[in-house]
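Structure at a glance
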Number of protein chains: 2
Amino acid sequence: MKISSSPYSNRAVLLDDAERERRHDALRRLMADNKADAILISDNANLFYLTGRVFDGYVYLPVEGDAIYFVRRPVKLTGDNVVEIHKPEQIAEHVHLEFGTVVGLELDVTPYNTIARLVRVFPLSEVGNASQLMRRARSIKTPEEIELIRLSGEKHIAVYREIPAFYTPGMSDIELQIEIERASRLKGCLGQFRISGQSMELHMGNLLVGENADFPSPYDFAMGGAGINPSLPVGADGTIIHSGNTVMVDMNGNFNGYMTDMTRTYAVGRITDEALRAHRVSIDIHRRIAAEALPGVKCSDLYHIGAEMAEQAGLSPYFMGHRQHAGFIGHGIGIEVNEAPVIAPRSRDVIEPGMVIALEPKFVIPGTGAVGIENTYVARDSGLENLTPMEEDIIYLDN
Amino acid sequence: MKISSSPYSNRAVLLDDAERERRHDALRRLMADNKADAILISDNANLFYLTGRVFDGYVYLPVEGDAIYFVRRPVKLTGDNVVEIHKPEQIAEHVHLEFGTVVGLELDVTPYNTIARLVRVFPLSEVGNASQLMRRARSIKTPEEIELIRLSGEKHIAVYREIPAFYTPGMSDIELQIEIERASRLKGCLGQFRISGQSMELHMGNLLVGENADFPSPYDFAMGGAGINPSLPVGADGTIIHSGNTVMVDMNGNFNGYMTDMTRTYAVGRITDEALRAHRVSIDIHRRIAAEALPGVKCSDLYHIGAEMAEQAGLSPYFMGHRQHAGFIGHGIGIEVNEAPVIAPRSRDVIEPGMVIALEPKFVIPGTGAVGIENTYVARDSGLENLTPMEEDIIYLDN
């Protein structure tokens, strides 16, 4: 079985002309609104958005005119407007910005010393923050991007359907996770779990059993877990799956560079009525928010809908964690797992058609484990459309 | 089988007092030499070095006096000198630096906007680059660190010994890689492949078959590969393993937060005499450099030893790649895969006892694939000691 041949040649620009211009135009509009004359982009996720591939180099996009691709590696990359460089200072030989113009650099993600060097490439310009423009542009997905996310979702679901076949009594969380990792990879999962920012780390997702779901992690994910080593303190920790435990599976859905985020709760034996009830509340929150998330609705209002439903059910102490609580119940997703918008109490984001959002209202029930589900949705004029449609009830591994 | 229970409590500081002070003192000496009064550290790899665990927060280390640990997450972390904070500005309530003092921040890795915020925490101080101090301190491993690397090596070797059992005729590179990933994970591999800098990405290592070894990648690794998707263009690409191909296995050796880097060449059928000869030259380069790498020797000289041996063998066009050549033949390794020193033509690094170095003189032979080996060594007074001792000849998968 050949999983995938290399589907691309060694060219710089893979997106077809129309899709590329759609994305570049979205940026150009934001640049015009924010008085930026050009942006210079080198973050891998942003390069992938603007060109359809990752390379070592820069995309220079002016508010008017075509992008220029400055490429350090790979060697001999060909394509329109591709310029081979060895160091960023060579960009100045091809691009000249007048006194008082504004060039956007990725100030939120690029290291300080790298920015200090890039600033000198544009000695007459002021510097603005391109990270926020890219974040905003990428939050509204094109139809092609939504289709890639839907395709990732189909494979993601196929993997989750296989999970009961992997379970054997006496198994540990990490052993089950390893079988899911293998099944995902065999279906084409790239393994890589792209997260913006250097402080977030995770290997192929999170599988949490019993009390480990309540272990506080340093990372800003919805759930924690102790992990198997203090160098990566998150996720499965070697806990044996016992009767009465839930197994929350929140594993990697990156099959094409665009990710789905999906959680399903599995269980062994009989779990408590309270845990079953909390799982039901999670599903109810999904239904309610999916209906209410119309264009123009504030993401903070969506958060409060979820938090209030948890409170009315008497489950606030367990909502989004017990010993440590996550500060959000949903997040944008696409090339990275932490895109805009954020569904959080003080979010200033507003729902717009084309946003893709992972919604994950979850509970940690002491003695049982984590319950609840996560789906990835695309915002439409009529509410949220589910890109990860799969049975949502608790799935028993020992049936 | 329980792979690992969580071996640590939810405490901030895991290193025993002596080991912690050994590492902190190494930094304090460098701070004194470089006129830094304090450093503030938040990069995960550096936090792990200074404390033995990752958390969301900062280590403040003064040139005289004890470290203070400012922790945002996880909640309720306890330990000596641990201060809970919600935002970095709170650090100023606990630390005061006088006018004209110098505080080191991680300017090579921390994003520009984060540094701009941290600078305001120390309004009277000048800012220096702590990244270079950390890089220098971490390049000389303590005996405890060397022991962890040796232990990773033992597991790494055990995984590589299993590889022939995974091979079946007609298999693709990625299918073989997936079985190696699973075997590694079952032996406790954390999966995570920690690399400094945001532009380098790889999922659990690189397995290259035949011509794919010659595919130029955007990443600054020794070898390339097309990968299975343009969002992660490196490594296995779905190539079927045919008779006469080599299979270069350069997979993840992170079993405890410290990594080994090890490559072995496997093959199917009969490979050409030239490829066999090049493999032998790689081993000879290892022997020669291991003997010559005495304390005080320049890393640039070690590079030239390797390059000259390749040239004398008439193999320069294939050395470190064919269509694209890597610019180094070795690199420091430990918590991250790209530590100091670098064995490259213009390296200014000098060998010192306690440095841990992955040496990887490799060749790409058109029609066959990549050959050569990589070992992880520790520098001793008498030369390099191999931390990945395993048979070095080509291992045939179909025997």
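Up top is the structure these notes are about.
This text gives an overview of the structure that appears in the document. No experiment lies behind these values; they were computed from the predicted model shown.

1. Focus: the overall build of chain A
What chain A contains, in helices and strands, is eight helices and 18 strands. Here the C-alpha atoms of chain A give a radius of gyration of 22 Å, agreeing with the 21 Å that 2.2 N^0.38 yields for 399 residues. Along the first, second and third principal axes, the C-alpha atoms of chain A reach 70 × 45 × 40 Å. Residue pairs in contact within chain A that sit at least 24 positions apart in sequence constitute 67% of those at least 6 positions apart. In the form shown here, chain A has an accessible surface area of approximately 14200 Å², with 50% of it arising from carbon and sulfur atoms. Charge separation in chain A, taken as the distance between the mean sites of 38 positive and 54 negative side-chain charges, equals 3 Å.

2. Digging into the interface of chain B and chain A
With 73 residues of chain B at the contact, the number on the chain A side is 74 residues. Carbon and sulfur atoms make up 53% of the area that chain B and chain A hide from each other, which totals about 6400 Å². Its largest share of buried area at the contact with chain A, chain B owes to Arg73(B), Tyr112(B) and Arg185(B), together 11% of the area lost on that side. At the junction of chain B and chain A, the tally comes to eight salt bridges.

3. A word on empty space enclosed by the protein
Leftover empty space is mapped by rolling, across the atoms, a probe with the size of a water molecule. One pass over the structure, following the stated rule, counts six cavities of 30 Å³ or more. Around the largest cavity, the lining comprises 39 residues; the ones closest to its centre are Ile195(A), Gly197(A), Met200(A), Ile195(B) and Met200(B). Looking at the lining of the largest cavity, the elements with two or more residues in it are helix H2 (44-51) of chain A together with helix H2 (44-51) of chain B. A breakdown of the residues in the lining of the largest cavity according to their chemical character gives 15 nonpolar, 14 polar and 10 charged.

4. Some words on the relation of the copies chain B and chain A
Mapping chain B onto chain A is achieved by rotating through 180 degrees and translating by 0.0 Å along the same axis, at an RMSD of 0.0 Å. With respect to symmetry, the two chain copies, as superposed, fit the operation of a two-fold axis. A high fraction, 100%, of the interface residues of chain B reappear at the interface in chain A, so the copies pair face to face through one surface.

5. Section: the pairing of strand E13 (residues 356-359) of chain B
Walk down a regular strand and you will see the side chains alternate between the two sheet faces. Residue and element names in this part refer to chain B. Of the two faces of E13, the one holding Val356 and Ala358 and the one holding Ile357 and Leu359 are both buried throughout. Strand direction decides the pairing type here: strand E11 (residues 330-332) and E13, joined by three bridges, are antiparallel. Counted as the bridge partner of histidine 331 is alanine 358 from E13. As defined by bridge partners, E13 adjoins strand E16 (residues 375-380) across four bridges and the pair is classed as antiparallel. Bridge pairing in E16 places isoleucine 357 opposite tyrosine 377.

6. Comments concerning helix H6 (residues 173-186) of chain B
Under the 1.5 Å per step criterion, the end-to-end length of H6(B) is 20 Å for 14 residues, consistent within 8% with the ideal 20 Å. The element H6(B) is largely enclosed, with a buried count of 12 among its 14 residues. Among all positions in H6(B), only Asp173(B), Ile174(B), Glu175(B), Leu176(B), Gln177(B), Ile178(B), Glu179(B), Ile180(B), Glu181(B), Ala183(B), Ser184(B) and Arg185(B) are buried. Here the buried face of H6(B) lies against helix H6 (173-186) of chain A together with helix H5 (143-166), strand E7 (205-209) and strand E8 (246-254) of chain B. Trailing H6(B) by a residue or two, Gly188(B) shows a phi angle of about 105 degrees, which is positive.

7. Side note on the sheet that holds strand E6 (residues 126-129) of chain B
Residues and elements named next belong to chain B. An order of E4-E3-E2-E1-E5-E6 is seen for the six strands of this open sheet, with the pairing classed as mixed. Single-partner strands in this sheet number two, and they are strand E4 (82-84) and E6. Strand after strand, the sheet turns through a mean of 25 degrees between neighbouring axes, direction not considered. Alignment of strand E5 (residues 102-105) against E6, held across four bridges, turns out to be parallel. For valine 103, the partnering residue across the bridge sits in E6 and is valine 127. Strands in contact with H2 are strand E1 (38-41), strand E2 (56-62) and strand E3 (68-73); relative to E2, the strand with the most contacts, it is inclined by about 55 degrees.

8. Structural notes on the nonpolar core
In this structure, Leu27(A), Ile39(A), Leu27(B) and Ile39(B) are the most contacted members of the largest nonpolar core, which totals 84 residues. Ignoring any residue separated from it by four or fewer positions in sequence, one finds Leu27(B) in contact with Ile39(B), Tyr49(B), Leu50(B), Leu61(B), Leu133(B), Met134(B) and Ala137(B). By size, the runner-up hydrophobic cluster in this structure holds 38 residues, among which are Leu315(B), Tyr318(B), Ile343(B) and Phe363(B).

9. So, the pattern of salt bridges
All names here are of chain A. Per the counting criterion, the structure on display carries 60 salt bridges over all chains. Across the salt bridge formed by arginine 287 and glutamate 392, the nearest N and O atoms sit 3.0 Å from each other. Of this pair, arginine 287 sits in helix H7 (residues 273-292) while glutamate 392 sits in the loop between strand E17 (383-386) and strand E18 (395-396), and the two are 105 residues apart along the sequence. Accessibility expressed as a relative area gives 48% for arginine 287, which makes it partly exposed. Given the relative accessible area of 12%, glutamate 392 is considered buried. Each member of the salt-bridge network shares a partner with another, and the members are Asp17, Arg20, Glu21, Asp25 and Arg28.

10. Overview of the side chain of Arg23(A)
Residue and element names in this part refer to chain A. Its place among the elements puts arginine 23 in helix H1 (residues 17-33). By relative accessible area, which is 2% here, arginine 23 ends up buried. Only 2.8 Å separates the side chain of arginine 23 from the side chain of glutamate 19, close enough to count as a polar contact.

11. What about the packing of aromatic side chains?
For the coordinates displayed, the defined rule picks out nine aromatic pairs over all chains. Taking the centre distance of 5.8 Å and the plane angle of 40 degrees together, the rings of Phe48(A) and Tyr258(A) count as tilted. Highlighted residues: Phe48(A) in helix H2 and Tyr258(A) in the loop between strand E8 (246-254) and strand E9 (259-261), separated in sequence by 210 residues. Its relative accessible area of 1% is what places Tyr258(A) among the buried residues. On the basis of an interplanar angle of 5 degrees and a centroid distance of 5.3 Å, the ring pair of Tyr112(A) and Tyr112(B) is categorised as stacked. With Tyr112(A) in helix H3 (residues 112-119) and Tyr112(B) in helix H3 (residues 112-119), this pair bridges two chains. Classification of Tyr112(A) by relative accessible area gives partly exposed; the value is 26%. The ring of Phe215(B) is capped by Arg323(B), whose NZ or CZ atom sits 5.6 Å from the centre of that ring.

What counts and what doesn't
Residues numbered from 1 in each chain as written. Chains lettered and ligands numbered in written order. Predicted model: local features only at pLDDT ≥ 70, side-chain atom pairs only at ≥ 80, totals over all residues. Heavy atoms only, no water. Helix = DSSP H or I, 4+ residues; strand = E, 2+ residues; numbered from the N terminus. Rg over C-alpha atoms; globule rule 2.2 N^0.38 Å. Contact = heavy atoms within 4.5 Å. Areas by Shrake-Rupley, 256 points an atom, 1.4 Å probe, with all protein chains shown as cover. Lys, Arg positive; Asp, Glu negative; His and termini not counted. Charge placed at Lys NZ, Arg CZ, Asp CG, Glu CD. Buried area = accessible area lost by both parts, 1.4 Å probe. Salt bridge = Lys/Arg side-chain N within 4 Å of Asp/Glu carboxyl O. 1 Å grid on protein atoms, 1.4 Å probe; cavity = no way out; pocket = protein on both sides within 12 Å on 5 of 7 lines; lining within 4 Å. Points joined across faces, edges and corners; volume = space filled by probe spheres on them. Nonpolar A, V, L, I, M, F, W, Y, C, P; charged D, E, K, R; others polar. Least-squares fit on C-alpha atoms with pLDDT ≥ 70 in both. Buried < 20%, exposed > 50% of the residue type's maximum accessible area, 1.4 Å probe, protein only. Pairing = 2+ DSSP bridges. Expected span 1.5 Å × (residues − 1). Axes fitted to C-alpha atoms, helices over the stretch in contact; angles between N-to-C directions. Core = buried A, V, L, I, M, F, W, Y, C linked by side-chain atoms within 4.5 Å. Polar contact = N/O pair within 3.5 Å; in protein donor to acceptor, adjacent residues only side chain to side chain. Phe/Tyr/Trp six-rings, centres within 6.5 Å; stacked < 30°, edge-to-face > 60°. Lys NZ or Arg CZ within 6 Å of the ring centre and 35° of its normal.

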